[in-house]
Amino acid sequence: MAEHPHSGIPHSGLDTRGLPGKQAFTLWQEHLSRHYDLRAQKEYPQAFDVRANFWQLGNVLLSDFQVPSQDWSRSRACIGRDGMDLFMVQLYRKGWNGPRDSGTMARAGDILIFDMAQPSDRRGGDNDTLTLFLPRSLLGPHLKAPDEHNLQLLSSRDPLAALLRDHLVGLHARLPEMSLDQAQAVLPATVQLTAAALNGRVREEQASGVRMAMSERIGSYINAHILAPDLNPETIAARFGMTRRNLGYLFESQGGVAAYIRQKRLSMIRAALSDPAHKGQSIEAIAEAHGFNHYRSFALAFQRQFGVTPREVRARGVERQALSSTPGDKLAEWARWIRSMT
């Protein structure tokens, strides 16, 4: 597990080759257990050879992985535990990634998008991937339907996906020659190309241009007024001159506009509970500031959405702060980089 400078770009890696299989898998699990529940497809593999390399390009990470077959899931409990709010853009150079039951299968040449604020349950086979980690605050504003891309497959046959694939491969290959300033100068183009590929393959239920444009307008309005006490389906419908029924139709995939507002507010509360800057505020005060006047109903809604209680999220935020300030942490630097993106 070596850390070393890489042409001015912070770089960190992990290599388990040569370790006994059980020890290697345990080490890999320690690095990712905060974000995923991992299971090796063999109980005691003779070897579990992982090679992972990360480059920190400011608030964006680019990595390459070579990992053996494994099952991994990101449950609501994991989401509540780490508070991660970013997109993972994964290009498969070798191997495959598929659902444990039914759903999207990615193969060599394909790109699979993971919204880390949403659950997933996957199985992979001897993967060699390039993975781009983009904060939602960076990519989300460029997406037509920012909450509709989890497990979206960009096929290797898709022209926009091919452009994105070539860009990521080229960027990765040239990192040894680039300074950090040069790499960061390329990132706006990387974000725009990623957004173009995703927007060009929006799911069929979001395909109506008029519907999409109206949903985007209303979503922007909700985000801008998310803490307004009178933000509700009635006032939004009146603001946009439509019936509550038509408004509900636009937000059907989110469970309705009231559910959409509640989910946004709960996500803001989760972020506040994880932020040391709010440690002096009580959970009740934070909930009330975000429109929840009854603590019991708030706590139940929070646990349903994230799989953990508000108090557990706060406790883990304190724990994470303590861990991040502890010298001699045995995890590779890239594991802490990922934590810092939450």
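Residues numbered from 1 in each chain as written. Predicted model: local features only at pLDDT ≥ 70, side-chain atom pairs only at ≥ 80, totals over all residues. Heavy atoms only, no water.

Caption draft 1: Structural view of the overall build of the chain. In terms of helices and strands, the chain carries 13 helices and 10 strands. Put simply, the chain has 342 residues, and 49% of those count as buried. Put simply, of all contacts in the chain between residues at least 6 apart along the chain, 72% involve residues at least 24 apart. Total accessible area on the chain stands at roughly 16100 Å², and carbon and sulfur atoms take up 52% of it. (Helix = DSSP H or I, 4+ residues; strand = E, 2+ residues; numbered from the N terminus. Buried < 20%, exposed > 50% of the residue type's maximum accessible area, 1.4 Å probe, protein only. Contact = heavy atoms within 4.5 Å. Areas by Shrake-Rupley, 256 points an atom, 1.4 Å probe, with all protein chains shown as cover.)

Caption draft 2: How the structure looks around the confidence of the model for the chain. Confidence in the prediction for the chain averages 86 pLDDT; 89% of positions are at 70 or higher. Long-range and interchain partners of residues 1-7, a stretch whose pLDDT sits below 50, account for 22 contacts in this model, where long-range means more than four residues apart. Every residue in residues 202-207 is under pLDDT 50, and counting partners more than four places away or in other chains gives 14 contacts. (pLDDT = per-residue confidence, 0-100.)

Caption draft 3: The arrangement of the environment of S69 in detail. Relative to the elements of secondary structure, S69 occurs in the loop between β4 (60-67) and β5 (70-74). Along the backbone, S69 and D126 are 57 residues apart, and their C-alpha atoms lie at a distance of 4.9 Å. Among residues more than four places away in sequence, those in contact with S69 are Q41, F48, G124, G125 and D126.

Caption draft 4: Representation of the nonpolar core within the structure. W28, F54, F114, F133 and W334 are the most contacted members of the largest nonpolar core, which has 33 residues in total. Listed by contribution, the elements that provide at least two residues to this core are α1 (21-32), β3 (51-57), β4, β6 (86-99), β8 (111-115) and α13 (333-340). Counting residues per element, this core draws most heavily on α1, at 5 residues. For W334, the residues in contact, after removing those within four places along its chain, are S12, G13, L14, W28, H31, L32 and F54. Formed by 29 residues, the second largest nonpolar core is a distinct cluster that contains L62, F87, L130 and L171. (Core = buried A, V, L, I, M, F, W, Y, C linked by side-chain atoms within 4.5 Å.)

Caption draft 5: Molecular detail of the pattern of salt bridges. On inspection of all chains with the given rule, the structure shows 15 salt bridges. Here D85 makes a salt bridge to R136, at a shortest N to O gap of 2.5 Å. Linking D85 in the loop between α2 (76-82) and β6 with R136 in helix α3 (residues 136-139), this pair joins segments that are 51 residues apart in sequence. Since its relative accessible area comes to 32%, D85 is described here as partly exposed. One salt-bridge network, held together by shared partners, links R39, D71, R100, D121 and R123. (Salt bridge = Lys/Arg side-chain N within 4 Å of Asp/Glu carboxyl O.)

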